[in-house]
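Coordinate inspection notes
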Amino acid sequence: MKNVSQDYVEKEEASQRQPVELYHIQHRENHWYYTSGDKAVDFNGHTWIPATIKRSSTHYDAKLEGTNITVTFARTDPAVARYLAQSPVELSSITIYKLFRDQDPMESCLIFTGVILSVTVKGLAAEAKCAGIDYIINHQFLNWRYQPECNHTVFSRECGLNEDNFKLTTSVLVDVTGTILTSGDFSAQDDGWWTLGVVRYNDEERLIVDHIGNTITLMVPFRELNSGDTVEVLPGCDGDILTCMNKFNNLSHFLGFPFIPIDNPALWVNR
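These remarks concern the structure in this document. (Residues numbered from 1 in each chain as written. Predicted model: local features only at pLDDT ≥ 70, side-chain atom pairs only at ≥ 80, totals over all residues. Heavy atoms only, no water.)

1. A short note on the nonpolar core
- Counting 20 residues, the largest nonpolar core has Ile25, Val71, Phe73, Ile94 and Ile116 as the members making the most contacts within it.
- Contributions of two or more residues to this core are made by strand E1 (20-27), strand E2 (30-35), strand E6 (68-74), strand E7 (93-100), strand E8 (107-122) and strand E9 (125-132).
- For this core, the element with the highest residue contribution is E8, accounting for four residues.
- In contact with Phe73, not counting residues within four places along its chain, are Ile25, Tyr34, Thr52, Ile53, Val80, Ile94, Leu124, Ala125, Ala126 and Ala128.
- Membership of the second largest hydrophobic core comes to 16 residues, among which are Leu168, Val174, Tyr201 and Leu225. (Core = buried A, V, L, I, M, F, W, Y, C linked by side-chain atoms within 4.5 Å. Buried < 20%, exposed > 50% of the residue type's maximum accessible area, 1.4 Å probe, protein only. Helix = DSSP H or I, 4+ residues; strand = E, 2+ residues; numbered from the N terminus. Contact = heavy atoms within 4.5 Å.)

2. Things to note about the sheet that holds strand E4 (residues 46-50)
- The nine strands lie next to each other as E3-E4-E2-E1-E7-E8-E9-E6-E5, forming an open sheet whose pairing is mixed. Only two strands of the sheet have a single neighbouring strand rather than two, namely strand E3 (41-43) and strand E5 (54-55).
- With six bridges joining them, E1 and E2 adopt antiparallel strand pairing. For Ile25, the partnering residue across the bridge sits in E2 and is Trp32. (Pairing = 2+ DSSP bridges.)

3. Things to note about the pairing of strand E14 (residues 204-212)
- The pairing of strand E13 (residues 198-201) with E14 spans four bridges and is antiparallel. Note on E14: the bridge partner recorded for Val199 is Arg206.
- In sequence, E13 turns back onto E14 through a hairpin of two residues, with Asn202 there showing a positive phi of about 55 degrees.
- Sheet topology note: the E14/strand E15 (residues 215-218) ladder contains four bridges and is antiparallel. Its bridge partner being in E15, Ile212 is matched across the sheet by Thr215.
- Counting the residues that bridge the hairpin from E14 to E15 gives two residues, and of these Gly213 lies at a positive phi of roughly 60 degrees.

4. A closer look at the packing of aromatic side chains
- This model, assessed by the stated rule, comprises nine aromatic pairs.
- On the numbers, 5.0 Å between centres and 80 degrees between planes, the contact of Tyr33 with Trp48 is edge-to-face. Residue Tyr33 is located in strand E2, and its partner Trp48 is located in strand E4; the two are separated by 15 residues in the primary sequence.
- Overall, Trp48 belongs to the buried group, its relative accessible area being 4%.
- Plain terms: the ring middles of Phe155 and Phe248 are 6.2 Å apart, the flat faces sit at 90 degrees to each other, and that makes the pair edge-to-face. With Phe155 in the loop between helix H3 (133-137) and strand E10 (168-171) and Phe248 in the segment after helix H4 (241-247), the pair connects residues that are 93 residues apart, well separated along the chain. (Phe/Tyr/Trp six-rings, centres within 6.5 Å; stacked < 30°, edge-to-face > 60°.)

5. Some points on the pairing of E9
- Both E6 and E9 contribute to a ladder of seven bridges, which runs antiparallel. Across the sheet, the residue bridging to Phe73 is Ala126, located in E9.
- Two successive antiparallel strands, E8 and E9, enclose a turn made up of two residues, where Gly123 displays a positive phi of approximately 65 degrees.

6. A look at a nonpolar patch on the surface
- On the surface, Leu242, Met245 and Leu251 cluster together into a nonpolar patch covering about 250 Å² of accessible area.
- Looking at where Met245 falls in the secondary structure, it is placed in helix H4. (Patch = residues over 30% accessible without salt bridge, like charges linked within 9 Å, V, L, I, M, F, W, Y side chains within 5 Å. Areas by Shrake-Rupley, 256 points an atom, 1.4 Å probe, with all protein chains shown as cover. Salt bridge = Lys/Arg side-chain N within 4 Å of Asp/Glu carboxyl O.)

7. Structural notes on the pattern of salt bridges
- One pass over the full model with this rule turns up 10 salt bridges.
- One salt bridge connects Lys122 with Glu127, and the closest N-O pair in it is separated by 3.5 Å.
- We note a salt bridge from Arg200 to Glu163, for which the minimum N-O separation is 2.7 Å. A residue pair is termed long-range when its members are at least 10 positions apart, and Arg200 in strand E13 and Glu163 in the loop between H3 and E10 qualify at 37 residues.
- Glu163 sits in the partly exposed class, given a relative accessible area of 22%.
- A single salt-bridge network, built from bridges that share partners, covers Glu163, Arg200 and Glu205.

So this is what it looks like as structure tokens:
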């Protein structure tokens, strides 16, 4: 049996004593658990798998300025892939811990928690710009406006509509650009019905910019969508009171001011 030198043992033990970082990314019901270590870690009921991931330094000051960090992923990592084709309305959350693997039981401390704002590609890497929880706290939540259009987002809690009552599940043909989808089910509704709606495939969403007959046009293509695949489609809403009344029969939830004057009287000159 080969004997291991004491120097090797000491180096190996020192490596094990080094803390690793844990990254938890969440979008809706999807969760990704990564570790910067060289092997998987079972902690807090989850298995954290090794990933090519690193981050910039964090800092806090007496003025409590917003905290921002950059986390670098592999470009093809599914946790950030949806940011590459569009700027999603719903941001993914990210939480980073430092884990001391040599402790029994293992101990961790929180390093950062916040949201992923945007992702840019640099070579084979994807750099995610992340803002701390103070980004959310500093937002104005009561931001309804006096405007003709409804302040609610269609199918939101405030809107009150159940998207399952309007959702279409259908298989599609995809053109060479990936932006034009064709299905006979689209023509069951008048032209424009699906415009400003969304198409869902796997964990990605794409905005519909046009609907004519049996075709819809996406703002940007999906990363991996082929002819014959099944998608979910939701109709769009332009916020107009007539759309709310005639298309969705949801006038009781309309929060707009359709009769507010468009012109500002203070700007009238010689009228």
